[in-house]
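The chain contents come next:
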Amino acid sequence: NCTQKSSLFKTCITQNFLWPWWSYLSKNPKDRHKCQIIARMLTGVYIWDTKSYRSSYCTLCEDNQLNTVEHFLLVCPGLNDERKILWEKLACLIPQGLLSDMLTLRPSDVVKLLFSGLGGKYLPEFTNIYSAIANFIYDMHTKRSNRLET
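This one's a predicted model, so the numbers in the text were calculated from it and none came from an experiment.

S.K.: I tried to follow the environment of Cys35 on my own but got confused; where do I start?
M.R.: You can see Cys35 is positioned in helix α3 (residues 32-43). You can call Cys35 buried: its relative accessible area is 6%. Remark: the alpha-carbon pair of Cys35 and Tyr138, spanning 103 residues in sequence, is separated by 8.3 Å. Ignoring any residue separated from it by four or fewer positions in sequence, one finds Cys35 in contact with Trp21, Tyr24 and Leu25.

S.K.: What should I look at first to understand the packing of helix α2 (residues 18-27) against helix α8 (residues 127-149) in this one?
M.R.: Two quantities define a packed helix pair, namely the angle between the helix axes and the distance between the axes. Direction vectors running N to C along α2 and α8 enclose 105°, while the axes themselves pass 11 Å from each other. Of the possible angle classes, the one that applies to α2 and α8 is roughly perpendicular. Together, Pro20, Trp21 and Tyr24 of α2 and Thr127, Tyr130, Ser131, Ile133 and Ala134 of α8 make up the contact between the two elements. Among the residues making up the contact of α2 with α8, the classes are represented as six nonpolar, two polar and no charged.

S.K.: I tried to follow the layout of surface pockets on my own but got confused; where do I start?
M.R.: Rolled over the atoms, a probe sized like a water molecule indicates the empty space that remains. Empty space within the second largest pocket amounts to approximately 150 Å³. Along its surface, the second largest pocket is lined by Leu74, Arg83, Trp87, Met102, Leu103, Leu105, Pro107 and Val110. Those elements that place two or more of their residues in the lining of the second largest pocket are α5 (80-91) and α7 (107-115). Partitioned by chemical class, the residues of the lining of the second largest pocket number seven nonpolar, no polar and one charged.

So, how was this worked out
- Residues numbered from 1 in each chain as written.
- Predicted model: local features only at pLDDT ≥ 70, side-chain atom pairs only at ≥ 80, totals over all residues.
- Heavy atoms only, no water.
- Helix = DSSP H or I, 4+ residues; strand = E, 2+ residues; numbered from the N terminus.
- Buried < 20%, exposed > 50% of the residue type's maximum accessible area, 1.4 Å probe, protein only.
- Contact = heavy atoms within 4.5 Å.
- Axes fitted to C-alpha atoms, helices over the stretch in contact; angles between N-to-C directions.
- Parallel < 35°, antiparallel > 145°, perpendicular 65-115°, else oblique.
- Nonpolar A, V, L, I, M, F, W, Y, C, P; charged D, E, K, R; others polar.
- 1 Å grid on protein atoms, 1.4 Å probe; cavity = no way out; pocket = protein on both sides within 12 Å on 5 of 7 lines; lining within 4 Å.
- Points joined across faces, edges and corners; volume = space filled by probe spheres on them.

Structure (structure tokens):
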């Protein structure tokens, strides 16, 4: 299961995906906890539920899918209602052309694009988009954790 958890790490760290988040964090220290969750997901040390990591498979849906960042952020039917609301908040800030391109990508590629800060280079003019991405990821993490506790 270590491979599953670290696949995002292998892809993202080799492509310097943490760089935009360090730059964003230096200018937005109030988002420290959100960036911490992002870094944990990127480095493969994300805790999959609040009690302990118990299952390789998602317990929020009946699709028998692996517990992955991609699954809970973009695919899990058990989080569809939450995702729809949070995605709409994010989507309204992403430039239309980029959003249209994102919607044609596989979920794994959308996750990589989000975690890369939309390309791996920090752009100050995208600060509101980085904030929205951090909010989306953190809020989905929180919604998932809350659902697992019930």
